[in-house]
Amino acid sequence: MTKVLINQKLVDEQEATIPYNDRGFIFGDGIYEYIRVYNNKIFTAKEHFERLLRSANEIGLDIDHTVDSLTELVKELVVANKVVNGGVYLQITRGAAPRDHRFPTPPVEPTLMGFSKSYGRPFKDMDQGISAVTTKDIRWLRCDIKSLNLLGNVLAREYAEKYNADEAIQHRDGIVTEGSASNAYAVKDGVIYTHPINNYILNGITRQVVSWICEDEGIPFKEETFDVDFLKNADEVIITNTSVEIMGVIKLDGEQVGNGEVGPITKQLQTRFNHYIDTRCI
Ligand code: PDD
């Protein structure tokens, strides 16, 4: 029986219910994290939970948790569901209250919900590469907050689906921001370019790992904006996130990227990523 976390308690899936007027459900008024599990352990827990606490702070949501208490909760979930390799989803909303756009006063208890999934590492796609399409970024201006409001992301991802692509890489007025659920990179002449950290993108944890790898391997990592044309003429295009890790994009808007194979820099990043799995799991 799959166990789900509801407000600090592990319950059977069938009993995992949320009140009809929870603000996460009504307004998307909450935040979340998605964290990877490798060999029963949690990858980059500190970075994920610090980002969760930051997201909560940015939306004025008071949560009675620390990096350590959240790590413990997620560990319980991983043990209860015997997750060896997989992921954990954790969301916290502003709680259940009569529908009113204003924050409830006094505040109500936030609703915490978490579940886990078991799956292996995507080695085949990592070797063979994936496809992407470009699309307009129609999302709000606080993409740095990992909020439950993902309608813009969902529509972008569905656009990719319509064109048989694996991911949609978004742009604002031609400037590449990020994927529907990933950070995006262009490699040109041995240099990795990616959008700087600001309100237009999520500060991806895998992106942070990529920056550590670049430091280790002496690969120039430039946090600079670039446009769709630059992306299309890149030697390599990469996307990263917690579940797919580091993925080479070999087809973009139906055209071959570089020589149409996963490139050497992408492979170098993928290889060194294993070092961080070995050293950053707790
Ligand atoms: N999403 N940008 C967006 C919009 C994302 O949704 C994600 C991750 C990322 C990459 O962040 P990270 O490397 O920390 O996973 C960037 C997760 C996987 C999700 O929504 O399930």
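Keep in mind it's a predicted model, so treat the numbers as computed, not measured. Each chain has its residues counted from 1, following the order in which its sequence is written. For a predicted model such as this one, the threshold for reporting local features is a pLDDT of at least 70, and the threshold for listing and counting side-chain atom pairs is 80 or more; totals across whole chains, interfaces and linings nevertheless cover every residue. Side-chain calculation: all heavy atoms of the structure are included, whereas hydrogens and water are not.

Participant: If you had to explain the overall build of the protein to someone new, which residues and values would you point to?
Facilitator: Looking only at helices and strands, the protein features 8 helices and 15 strands. The C-alpha radius of gyration of the protein comes to 19 Å, within 12% of the 19 Å expected for a compact globule of 282 residues. Seen through its principal axes, the protein has C-alpha atoms that stretch 55 × 40 × 30 Å. Only protein chains enter the accessibility calculation, which uses a 1.4 Å probe; a residue is then buried when its area is under 20% of its type maximum, exposed when over 50%, and partly exposed in between. For the protein, the residues scored as buried account for 52% of the 282 residues in total. Every accessible area reported is derived by Shrake-Rupley at a probe size of 1.4 Å, with residue values counting cover from the shown protein chains alone. Total accessible area computed for the protein in this model is approximately 13,800 Å², and 50% of it derives from carbon and sulfur atoms. Between the averaged position of the 31 positive side-chain charges in the protein and that of its 41 negative side-chain charges there is a distance of 2 Å. Strands are runs of DSSP state E lasting at least 2 residues, helices are runs of H or I lasting at least 4, and numbering of each runs from the N terminus. For a compact globule the rule gives 2.2 Å times the number of residues to the power 0.38, and the radius of gyration it is set against comes from C-alpha atoms. Two residue types count as positive, namely Lys and Arg, and two as negative, namely Asp and Glu; His and chain ends fall outside the count. Lysine's charge is taken at NZ, arginine's at CZ, aspartate's at CG and glutamate's at CD.

Participant: Please give an account of unusual backbone geometry that cites residues and values.
Facilitator: Cis geometry is found at the peptide bond from threonine 105 to proline 106, where omega equals -10°. Tracing the backbone through its elements, the reader meets proline 106 in the loop between strand E5 (86-93) and strand E6 (111-118). The phi dihedral of asparagine 39 falls on the positive side, at around 50°, and the residue is not glycine. Mapped onto the fold, asparagine 39 is located in the loop between strand E3 (30-38) and strand E4 (41-42). Residue asparagine 39 is classed as exposed on the basis of its relative accessible area, which comes to 52%. The backbone phi angle of asparagine 40 is positive, close to 65°, even though this residue is not glycine. Relative to the helices and strands, asparagine 40 is located in the loop between E3 and E4. Using a relative accessible area of 48% as the deciding quantity, one classes asparagine 40 as partly exposed.

Participant: How would you sum up the pattern of salt bridges? Please name residues and give values.
Facilitator: Salt bridges are identified by distance alone: a Lys or Arg side-chain nitrogen within 4 Å of an Asp or Glu carboxyl oxygen. Tallied over the full model, the rule gives 19 salt bridges. Of the charged contacts, one joins lysine 188 and aspartate 235 as a salt bridge, the two residues approaching to 3.5 Å between their closest N and O atoms. A residue pair is termed long-range when its members are at least 10 positions apart, and lysine 188 in strand E10 (residues 183-188) and aspartate 235 in the loop between helix H7 (228-232) and strand E13 (236-241) qualify at 47 residues. A relative accessible area of 34% means that aspartate 235 is categorised as partly exposed. The network of salt bridges with common partners includes Arg54, Glu58, Arg142 and Asp144.

Participant: Any chance you could break down the side chain of threonine 194 for me, citing the residues and the numbers?
Facilitator: Relative to the elements of secondary structure, threonine 194 occurs in strand E11 (residues 191-194). Polar contacts, as counted here, are pairs of nitrogen or oxygen atoms within 3.5 Å of one another; within protein the pair requires one atom able to donate a hydrogen and one able to accept it, and residues that are adjacent in sequence qualify only if both atoms are side-chain atoms. Of the polar contacts made by the side chain of threonine 194, one reaches the backbone oxygen of alanine 184; its length is 2.8 Å. In what follows, residue pairs with any heavy atoms lying within 4.5 Å of each other are defined as contacts. Setting aside residues up to four positions removed in sequence, threonine 194 forms contacts with Ala184, Tyr185, Arg207, Phe221, Lys222, Glu223, Glu224 and Phe226.

Participant: So what's going on with the site of the ligand? Which residues, and what values?
Facilitator: We call a residue near a molecule or strand when any one of its heavy atoms sits within 4 Å of it. Lining the immediate surroundings of the ligand are 19 residues, of which Tyr32, Glu178, Ile205, Thr206 and Thr242 lie closest. One of the side-chain nitrogen or oxygen atoms of arginine 51 is found 2.9 Å away from an oxygen atom of the ligand. Glutamate 178 is positioned with one of its side-chain polar atoms (N or O) 2.7 Å from a nitrogen atom of the ligand. Across the complex, the protein chains shield 90% of the 480 Å² of accessible surface that the ligand would expose by itself. Those elements giving two or more residues to the shell around the ligand turn out to be E3, strand E9 (175-179), helix H6 (205-217) and E13. Among the residues making up the shell around the ligand, the classes are represented as 5 nonpolar, 10 polar and 4 charged. Split by domain, the shell around the ligand shows at least three residues from each of two domains, domain 1 (3-118) and domain 2 (123-279). Three classes are used, and their members are as follows: Ala, Val, Leu, Ile, Met, Phe, Trp, Tyr, Cys and Pro are nonpolar, Asp, Glu, Lys and Arg are charged, and the others, Gly among them, are polar. The split into domains, and so the bounds of each, comes from an automatic or database assignment of domains.

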